[in-house]
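Below, each chain spelled out in residue letters.
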Amino acid sequence: QVAPRTDETATGVAESEARITALLAAQKAGWATDVTPSHATRDDRLARLDRMVEAWHERFITAISEDFGNRPAVVTTLTDIVPVRAAIRHARRQLRAWMRPRRVSLAWTGKPASAQILRQPLGVVGIVGPWNYPLNLVLSPLIGALAAGNRAMLKPSELTPAFSQALALAVAETFAEDEVAVVTGGPDVATAFTAAPFDHLVFTGSTAVGRKVVEAAAKNLTPVTLELGGKSPVILDPSVDFDKAVPRLVWGKLLNSGQTCVAPDYALVPLGRVADFLSAVKAEVERQYPGLPANADYTSIISARHFARLTQLVEEARDRGAEVVELGGAHDAEGRVFAPVAVIGAPEDTGVMAEEIFGPILAVVAYDTLDEAIAYINRRDRPLALYWFGEDKAAETRVLTGTIAGGVTINDTLLHLAQDDLPFGGVGASGYGAYHGEAGFLTFSKEKPVLKQSAISGVKFLYPPYGRVASFM
Ligand code: NAD
């Protein structure tokens, strides 16, 4: 075992580069000894992964809390541990069905040959993760990769060093290095990692870094699944009941303090109902998170730099004429507790309206007609998620058919992610490709078409001399 490194000194980076090269060579050699692993081999890898998460879950929770400053154990359990273990169980249950070759019927011109599609692993998959759900967003893609029969190398975020270290140790204890391995380090190591000739890369992170990853991967013709972020809108229809909608919106917005790729970013609220909406949100924030900043259920902002960025977003919006409404409690800069804030009517070119917020700031935009709300969404980058609240079926259909988003939850937030059979992925600037459940299995598989000729060939007319065939054409 080569000790994982976290330092970003020139020597550290050079050593990490050498380690990446050595690991990838070992994994490719391992892959070549068993190109299409059996059901038993794959199931065993998934079972070991499950046992690893079970055995390490307390240590993972402690490490993640340490990395965040405060992140409640319940949040890590519900958003990192439980979904990953559920996804492993789901994959193990479905594995035989996913692996089965698909018979394909042939056109008469192909008969009497037979055909099928074989689902085979791609080889070695590289997985680069972000810090916000550090376990989930590295291990969920791994489940699909292992189920599909691949080997994998993981590069968790440098902003969760305690978790990354724990993951490296847990993986080293659970898997041979040529099966699954962890590489730790910051952007320089990540750059070397994504430049390595993997058979597939999954990148979860920001759009800006995603562009760099795609460029690096293109040099190797490595296909990439890009799981990026963006501004996910919530439309509150005039038919909405705030008593039902607001608690669900506030939950989705403030889970992990808004540091969620699919968090509601801005709310489109019917003109004339903004004041009612804000007082409902304020009351709900006080119900869910009383006494901020001293509330143990509220997650800290990951770093002082991120805290300063959120402060700056609010200040800029205020300076540019937006209304800023504190939704409950006060900030604690030292503990990086950023109390929830709503920003209403910020100009479109302010940071809060132009960038992904990724924190507990809710931008509010008033709209007059549904067409106007749809047009507002459609003239922006395609969002990772879209939420609609209301009772009006016709309006619901218009929003569903009139907009494009990575995924949608109607009358709630975030929950489409929690279903293993719903593919998860972005579109346009929020990314491409998808995983979760069978979608993940297919992302990490090559669907190989195979035609088997019969003893009697039905296509002898393809052979020259063509004199007789030509006379039929
Ligand atoms: P980030 O892009 O800063 O970092 C993500 C990973 O990329 C880290 O592991 C980092 O080390 C690595 N990296 C940094 N520079 C690199 C480079 N030049 N080449 C290759 N890799 C490099 O993102 P983040 O701040 O960790 O995460 C927040 C972002 O991720 C938000 O935009 C959020 O919406 C998005 N996100 C998306 C999803 C999703 O599933 N679609 C999930 C969570 C977060």
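Residues numbered from 1 in each chain as written. Predicted model: local features only at pLDDT ≥ 70, side-chain atom pairs only at ≥ 80, totals over all residues.

Visitor: Looking at this structure, I do not really get the sheet that holds strand E6 (residues 200-204). What am I missing?
Guide: Each strand in a sheet pairs with its neighbour through backbone hydrogen bonds, running either in the same direction (parallel) or in the opposite one (antiparallel). Across the sheet, six strands lie side by side as E5-E4-E3-E6-E7-E15; this open sheet has mixed pairing. Since the sheet does not close on itself, it has two edges, and those belong to strand E5 (180-182) and strand E15 (431-432), each with one partner. As paired elements, strand E7 (residues 224-227) and E15 share two bridges and run antiparallel to each other. Among the inter-strand pairings, Glu227 is bridged to a residue of E15, identified as Gly431. Sitting on the sheet, helix H7 (residues 207-218) touches strand E3 (124-128), E6, E7 and E15, and the angle it makes with E7 is about 180 degrees. (Pairing = 2+ DSSP bridges. Helix = DSSP H or I, 4+ residues; strand = E, 2+ residues; numbered from the N terminus. Contact = placed C-beta atoms within 7 Å. Axes fitted to C-alpha atoms, helices over the stretch in contact; angles between N-to-C directions.)

Visitor: Is there a simple way to think about the packing of helix H2 (residues 39-68) against helix H4 (residues 136-147) in this case?
Guide: The angle between the axes and the distance between the axes are what describe a pair of packed helices. Contact pair H2 / H4: the axes reach a minimum separation of 9 Å and the direction vectors enclose 160 degrees. Compared by their axis directions, H2 and H4 come out roughly antiparallel. Where H2 crosses over H4, the two elements pack in a sense that is right-handed. In contact with Arg42, Arg45, Leu46 and Leu49 of H2, H4 contributes Ile143, Leu146 and Ala147. When grouped by side-chain class, the residues that make up the contact of H2 with H4 number five nonpolar, no polar and two charged. (Parallel < 35°, antiparallel > 145°, perpendicular 65-115°, else oblique. Left-handed = near helix turned anticlockwise from the far one by under 90°. Nonpolar A, V, L, I, M, F, W, Y, C, P; charged D, E, K, R; others polar.)

Visitor: Sorry, what's going on with the UniProt feature "active site" (unreviewed entry) in the protein here?
Guide: The UniProt entry lists Glu227 under the feature "active site" (unreviewed entry), expressed in the numbering used here. In this structure, Glu227 sits in strand E7. A count of 28 C-beta atoms within 10 Å places Glu227 in the buried class. (UniProt positions renumbered as here; feature names shortened; annotations may be inferred. Buried ≥ 20, exposed ≤ 12 C-beta atoms within 10 Å, placed from the backbone.)

Visitor: Can you help me understand the sheet that holds strand E1 (residues 102-104) in this one?
Guide: Across the sheet, which stays open at both edges, the three strands sit in the order E1-E2-E16 with antiparallel pairing between neighbours. Single-partner strands in this sheet number two, and they are E1 and strand E16 (445-452). The mean angle between the axes of side-by-side strands here comes to 25 degrees, regardless of whether they run parallel or antiparallel. Of the strand pairs in this sheet, E1 and strand E2 (residues 114-121) are connected by three bridges, and their pairing is antiparallel. Within E2, the residue paired with Arg102 across the bridge is Ile117.

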